[in-house]
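# Architecture and fold: a report
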Amino acid sequence: MTLIHYLILMPILAAAFIPLLGVGAPKLHLGWGAITVPILLFSFFVSYVPAIASGDVFSASVAWMQALDLHFAIHLDGLSLIFTLLITGIGSLVVLYSIFYMSKERESLAHFYAYLLLFMGAMLGVVLSDNLMVLYLFWELTSVSSFLLIAFWFRRKNSRYGAQKSFLITVGGGISMLVGFIMLHVMSGTNSIQEIIAMRDTLHEHSLFVPALVLILIGAFTKSAQFPFHIWLPDAMEAPTPVSAYLHSATMVKAGLFLVARFTPVFGGEATWFWLVSGVGIFTMFWGSFSAVKQKDLKALLAYSTISQLGLIMSLFGLGSAALQGGASTESVLYTKAIFAALFHLVNHSTFKGALFMIVGIVDHEVGTRDLRKLGGLIAFMPVTFSLAVISSFSMAGLPPFNGFLSKEMFFTAVLNANQMTLFSMETWGLLFPIVAWIGSVFTFAYSMILVFRTFLGPYRREKLEKTPHEAPIGMLISPIILCGLIVLVFFMPNQLSHYLLSPAMNSILPTYANMDGLIPHISAWHGFNLELLMTIGVAVIGAVAVKTLRYWYLVYDFFPEHRSIDSGYRWMLSAGERLSHQATSRYMTGFLRHYLYYIYGFLLLITGGTLLLSGSIIIDPSGDAPVAVYEVIIVLVMAAAAIGIPFTKSRMTAALLNGVLGYSIAIFFVLFRAPDLALTQLVVETVTTVLFLLCFHHLPEWSREERSLKVRLPKLLVSIGMGALTVLIALSVQGNRLFDSISSYFEDSYDLAGGRNIVNSILGDFRAFDTMLEVVVLFIAGIGVYTLVTLKAPKGEDERERE
Amino acid sequence: METIIILLVGVLVSVATYLLLSKNVIRVVLGTALLSHAVHLLLLTMGGLKRGSVPILGDQPETYTDALPQALILTAIVISFAVTAFFLVLVFRTYQQTNTDNLHELKGADNE
């Protein structure tokens, strides 16, 4: 175990101890206890930055299950480091924010922080694992903790619905990813991601290569809310706002991006990968921003905005993967700019989107509503929040002097470069990328402006708000202020960020290009009047016009009615699934005892009989049999006749007597087969049983006739004869192959060991006395049962105890 | 001898299964009783029949028949008696409570 292993496990362990802290220090807001964990982790991971920036990587492995190639292996490189800093850094800020957001009196904070820390550990595990199976384990753990956090206010129906939806979709994708991982293991023979990357050239020809690629991408797309799996994210907004800021914008939804980045060296250069990642990404970017504009709830708007931004980053990873087609060269290094832009925007998005969620949380907290139709004119009451909102949403819109401007420009550069590509039939389709990207950016600009100006400017209507608005407490403002500070800081010092964080990550995503000239572009805010700048100006102008004229073109959204959305498709699938499984279950779970017995006997005959036949173990060898006397045959025939007679008797009395005949005949056989103890017991028991039957008949009606129709009787007959035949075959085969000697000679020194001459009695009373005692316990339990049933006096149809 | 007894066991198992599939509760209880008869015989047969003398140690050393199946069967007889007794009382009680001994009428409601 290295330090990094402990860093992953630390939040998970802390999650277990947080509730205890609540018991130990009841006056403390648990957030103060929880915040130490991410701050500590953040400072540890920051200490790795210089070493990683100078090209080091840290790998370590703890053996777990050797036979399954399952090791707790970790790998800390540039890519992982960015994510660990986001997880722990944003995590610290979110916990700090939540201390003022979550009321100590009303909320169950022990649960909240336990889930949050559990998530933190799981997410660190995802980005640091080097073993596919361990990665999968942590991946699903993030889904579980996300489920728990979305359903935190579990008394609300919408919370439960959102939690279930996100869980079904992300875990479904996770299972698909698991299948992809198993295929990777089949191809490469190892579970280590780094080893798989090292042998990437040999994998391309394998027939499972493309299926594995698609399955892993489904996992990434569901987690990162890409079209058409994006529908879970808006419903996940039922979670408390700190959770939305943390899981559903800054970290968990980026796990899919991480997965794509991690596997780019393996799958990059493949046309399927290029088209799926960039195509789905760019369409999601457009669809998310288009849907965001029509939202009335601020959090829903942010959710669609997150979907759109994730799509943007996804498409950049896709476009950049073209650089891996056919070897590293000075020309193809141009395409790597897309990957650089993706990483840069990923960091920037976490800053401005985290801040925006916190700002919306503040508005919700201080005003009591997030509905855009009710909000307006808050600038007078919340000047600080307004300033922060302007900074973060202008950054999201891609305006200077904020970090979003820089990465948005690089995004335009990347899509314009894609237009020049000559790979993957991009000559035909390449032009779509800049066009869709530009249209998506116009919508992005529009919703960013709506977010700020509808909330803080415009008419103030006190009567529509629940509370009189006022500025948030300073504690809630600290975290967004820090994030907004970063937004501005990164704009002015982007190359420091690039040097310490982005370039090591570039080296791990594109190992063949490591440290090549031109891999790490110099970021500058001003690079002359080029096409990118013109595109940004166009976005701002058209976007502003679009916001002003919203009510004229709003009709466009009528073409996408609710009942034809993907969402309603999901609901239909869910209810159809429930209906179908209910129908299927009630088809065979009929409530008739006989049917259940048919299933049991059917499977028994099929499996045991089938094994017996197929394995050829039927051996019939009567040579070792004991001799037969005539009177023995007569008893056998009498017994067979008595048994067969039972189903045919019209009177139950006859049946009980025939059963008695069988029992007494068996007693005779016990005598013949040298078992006097058995014979005695059998005689006593059979007598009492017969008496019991007769006694019982006194209270019961004469038995009715069974169904006579062939349809009922034929399957009964077939199954019965089958069971008899199966028993005979098994018994004869056992008789024919004696695999072991009898162990009963061990008991023949019973006189010396147990002091008893009767071996059977010695076994029961001494050698296996404990069994006999338990047998007596069974008798005792049965006796209690009988006694209770006989004496219980509940009148028909109602319970006496209830009546009293 | 063993083969004949095994065939008899087969007949008993068939009849027991047929009775278990009935709709009348008493027939089902009879089926379980029959099934335990069959199993007892089967167990004894598996230990080998009529080899050696009664497993009671005498003064003369000699071979004894296999005592272990006998011990097992003794336990089984007692347990099956307990089960049969319990079943019978259960049937009696069920009839008192529901006024039917027909399993098809005792089937639960459609949903749960």
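Thresholds applied
- Residues numbered from 1 in each chain as written.
- Chains lettered and ligands numbered in written order.
- Predicted model: local features only at pLDDT ≥ 70, side-chain atom pairs only at ≥ 80, totals over all residues.
- Heavy atoms only, no water.
- Helix = DSSP H or I, 4+ residues; strand = E, 2+ residues; numbered from the N terminus.
- Rg over C-alpha atoms; globule rule 2.2 N^0.38 Å.
- Buried < 20%, exposed > 50% of the residue type's maximum accessible area, 1.4 Å probe, protein only.
- Contact = heavy atoms within 4.5 Å.
- Lys, Arg positive; Asp, Glu negative; His and termini not counted.
- Charge placed at Lys NZ, Arg CZ, Asp CG, Glu CD.
- Areas by Shrake-Rupley, 256 points an atom, 1.4 Å probe, with all protein chains shown as cover.
- Salt bridge = Lys/Arg side-chain N within 4 Å of Asp/Glu carboxyl O.
- Phe/Tyr/Trp six-rings, centres within 6.5 Å; stacked < 30°, edge-to-face > 60°.
- UniProt positions renumbered as here; feature names shortened; annotations may be inferred.
- Axes fitted to C-alpha atoms, helices over the stretch in contact; angles between N-to-C directions.
- Parallel < 35°, antiparallel > 145°, perpendicular 65-115°, else oblique.
- Left-handed = near helix turned anticlockwise from the far one by under 90°.
- Nonpolar A, V, L, I, M, F, W, Y, C, P; charged D, E, K, R; others polar.
- pLDDT = per-residue confidence, 0-100.
- Polar contact = N/O pair within 3.5 Å; in protein donor to acceptor, adjacent residues only side chain to side chain.
- Buried area = accessible area lost by both parts, 1.4 Å probe.
- Pairing = 2+ DSSP bridges.
- Core = buried A, V, L, I, M, F, W, Y, C linked by side-chain atoms within 4.5 Å.
- Expected span 1.5 Å × (residues − 1).
- Bend = angle between axes of the 7 residues up to and from the residue.

### A look at the overall build of chain B
Helices and strands together make up the secondary structure of chain B, namely 4 helices and 0 strands. Moving toward the C terminus, one meets the helices and strands of chain B in the order α-α-α-α. Against the 2.2 N^0.38 benchmark of 13 Å for 112 residues, chain B shows a C-alpha radius of gyration of 19 Å, more extended than a compact globule. Referenced to the eigenvectors of the C-alpha coordinate spread, the extents of chain B come out at roughly 65 × 25 × 20 Å. Taken over 112 residues, chain B has a buried fraction of 60%. Considering only residue pairs separated by 6 or more positions, chain B has 52% of its internal contacts joining residues 24 or more positions apart. Counting 6 positive and 8 negative side-chain charges, chain B places the averaged centre of each group 9 Å from the other.

### Describing the overall build of chain A
Across its full length, chain A holds 34 helices and 2 strands. Its C-alpha radius of gyration of 37 Å places chain A more than 25% over the 28 Å reference for a compact globule of 804 residues. For chain A, the spread of C-alpha atoms along the principal axes amounts to about 115 × 70 × 60 Å. Contacts spanning at least 24 positions in sequence make up 80% of the contacts within chain A whose residues lie at least 6 apart. Of the roughly 34800 Å² of accessible surface on chain A, 69% is carried by carbon and sulfur atoms. The distance from the centre of the 48 positive side-chain charges to the centre of the 49 negative ones in chain A is 13 Å.

### So, the pattern of salt bridges
Residue and element names in this part refer to chain A. Across all of its chains, the model carries 8 salt bridges over all chains by this definition. With a closest N to O distance of 2.9 Å, Arg262 and Asp77 form a salt bridge. On the criterion of sequence distance, the pair formed by Arg262 in helix α13 (residues 255–267) and Asp77 in the loop between β2 (70–76) and α4 (78–101) is long-range, its members being 185 residues apart. Each member of the pair Arg262 and Asp77 is classed as buried. Taking the shortest distance from any N to any O, the salt bridge between Arg373 and Asp371 comes out at 3.1 Å. Residue classification places Asp371 among the buried positions, given a relative accessible area of 17%.

### Considering the packing of aromatic side chains
Residue and element names in this part refer to chain A. According to the stated counting rule, one finds 37 aromatic pairs over all chains in the structure shown. Pairing Phe274 with Trp275 gives two aromatic rings, centres 5.5 Å apart and planes at 90°, and the pair type is edge-to-face. Looking at Phe274, the relative accessible area reads 0%, which means it is buried. Geometrically, the ring pair formed by Phe747 and Phe767 is edge-to-face, given 5.1 Å between the ring centres and 65° between the ring planes. One end of the pair, Phe747, is in the loop between α30 (710–736) and α31 (750–754); the other, Phe767, is in helix α32 (residues 759–767), and 20 residues separate them in sequence. You can call Phe767 partly exposed: its relative accessible area is 21%.

### Quick word on the UniProt feature "transmembrane region" (unreviewed entry) in chain B
Residue and element names in this part refer to chain B. In the numbering used here, UniProt assigns the feature "transmembrane region" (unreviewed entry) to residues 6–21, 28–47 and 67–92. Secondary structure content for residues 6–21 is 94% helix and 0% strand, and the end C-alpha separation is 23 Å. With 100% helix and 0% strand, residues 67–92 has its two end C-alpha atoms placed 38 Å apart.

### Focus: the packing of helix α1 (residues 2–20) of chain B against helix α2 (residues 25–46) of chain B
Residues and elements named next belong to chain B. The contact between α1 and α2 brings their axes to 8 Å, and the two run at 160°. In this view, α1 runs roughly antiparallel relative to α2, as classed from their interaxial angle. Crossing of α1 against α2: the hand is left-handed. For the pair α1 and α2, the contacting residues are Glu2, Ile5, Ile6, Leu8, Val9, Leu12, Val13, Val15, Ala16, Leu19 and Leu20 in the first and Arg27, Val28, Leu30, Gly31, Thr32, Leu34, Leu35, Ala38, Leu41, Leu42, Thr45 and Met46 in the second. Residues belonging to the contact of α1 with α2 are distributed by class as follows: 18 nonpolar, 3 polar and 2 charged.

### Some remarks on the confidence of the model for chain A
Interpretation of the predicted coordinates at a detailed level should be avoided for regions scoring low in pLDDT. Taken residue by residue, chain A gives an average pLDDT of 88. The fraction at 70 or more is 99%. Predicted confidence is poor over residues 798–804 of chain A, with pLDDT under 50, and the contacts of this stretch with residues over four places away or in other chains come to 4 contacts.

### Notes on the side chain of Asp130 of chain A
All names here are of chain A. Mapped onto the elements, Asp130 comes out in the loop between α5 (109–128) and α6 (132–150). Buried Asp130, no salt bridge; nearest opposite-charge side chain is Arg262, N-O distance 6.2 Å. In this structure the side chain of Asp130 is engaged in a polar contact, spanning 2.9 Å, whose partner is the side chain of Ser192. At a separation of 3.1 Å, a polar atom in the side chain of Asp130 contacts the main-chain amide nitrogen of Gln194. Non-local contacts of Asp130, meaning those with residues more than four positions away in its chain, are made with Ala73, Ile74, His75, Asn191, Ser192, Ile193 and Gln194.

### Overview of the interface of chain A and chain B
Across the contact, 98 residues belong to chain A and 82 residues belong to chain B. When chain A packs against chain B, close to 8400 Å² is buried across both sides, 73% of that on carbon and sulfur atoms. Of all residues in chain A, Phe673, Arg674 and Leu789 of chain A give up the largest surface area on contact with chain B, accounting jointly for 9% of the area buried on that side. In this assembly, chain A and chain B are joined by 12 residue pairs in polar contact (both at pLDDT 80 or more). If you list the elements that add at least two residues to the side of chain A that touches chain B, you get α26 (593–614), α27 (630–648), α28 (652–672), α29 (676–699), α30, α31, α32 and α33 (769–791) of chain A. Class assignment for the residues of the side of chain A that touches chain B results in 59 nonpolar, 22 polar and 17 charged.

### Here's the deal with the pairing of strand β1 (residues 58–65) of chain A
Remember that side chains alternate between the two faces of the sheet whenever the strand is regular. Residues and elements named next belong to chain A. Direction of pairing for β1 relative to β2: antiparallel, over a ladder of 7 bridges. Its bridge partner lying in β2, Phe58 is registered against Leu76. Counted between consecutive antiparallel strands, the loop separating β1 from β2 contains 4 residues, among which Asp69 sits at a positive phi close to 55°.

### Side note on the pairing of β2 of chain A
Buried residues dominate β2 of chain A, accounting for 7 of its 7 residues. Burial along β2 of chain A is two-sided: the residues Leu70, Phe72, Ile74 and Leu76 of chain A and His71, Ala73 and His75 of chain A are all buried.

### As for the environment of Pro240 of chain A
All names here are of chain A. Turning to its location among the elements, Pro240 is positioned in the loop between α11 (232–235) and α12 (241–250). For the pair Pro240 and Gly724, spaced 484 residues apart in the sequence, the C-alpha separation amounts to 64 Å. Residues within four places of Pro240 in sequence aside, it is in contact with Met102, Phe112, Leu149, Phe152, Trp153 and Lys299.

### Section: the nonpolar core
Ranked by internal contacts, the top residues of the largest apolar core, which has 214 residues, are Tyr113, Phe263, Phe317 and Leu343 of chain A. Element by element, the count of residues in this core is highest for helix α16 (residues 336–367) of chain A, at 19 residues. Discounting residues that sit within four places of it in the chain, Phe317 of chain A has contacts with Leu257, Val260, Ala261, Val277, Ile339, Ala342, Leu343, Leu346 and Ile509 of chain A. Val685 of chain A together with Ala16, Leu88 and Val91 of chain B belong to the second largest nonpolar core, which has 70 residues in total.

### With respect to the environment of Ile607 of chain A
Residues and elements named next belong to chain A. By secondary structure assignment, the location of Ile607 is in helix α26. Judged by its relative accessible area of 52%, Ile607 falls in the exposed class. Remark: the alpha-carbon pair of Ile607 and Tyr552, spanning 55 residues in sequence, is separated by 70 Å.

### Considerations on α13 of chain A
Working note: α-helix, 3.6 residues per turn, so residues spaced by three or four point in the same direction. Taking 1.5 Å of rise per residue, 13 residues should cover 18 Å, and α13 of chain A covers 17 Å from first to last C-alpha, within 8% of that figure. Most pronounced at Ala261 of chain A, the bend in α13 of chain A amounts to some 25°, and the proline Pro265 of chain A follows within four residues.

### Things to note about helix α21 (residues 474–492) of chain A
Residue and element names in this part refer to chain A. Compared with an ideal rise of 1.5 Å per residue, which puts 19 residues at 27 Å, α21 spans 26 Å between its outermost C-alpha atoms and is within 8% of the ideal. Restricting attention to buried positions, one finds in α21 the residues Gly475, Met476, Leu477, Ser479, Pro480, Leu483, Cys484, Ile487, Val490 and Phe491. Taken together, the buried residues of α21 touch α4, α16, α17 (383–397), α18 (403–420) and α22 (494–509).

### As for unusual backbone geometry
Residues and elements named next belong to chain A. The omega torsion of the bond from Phe227 to Pro228 falls at 0°, within 30 degrees of zero and hence cis. Within the element layout of this structure, Pro228 appears in the loop between α10 (209–223) and α11. Despite not being glycine, Arg674 shows a phi value in the positive range, around 60°.

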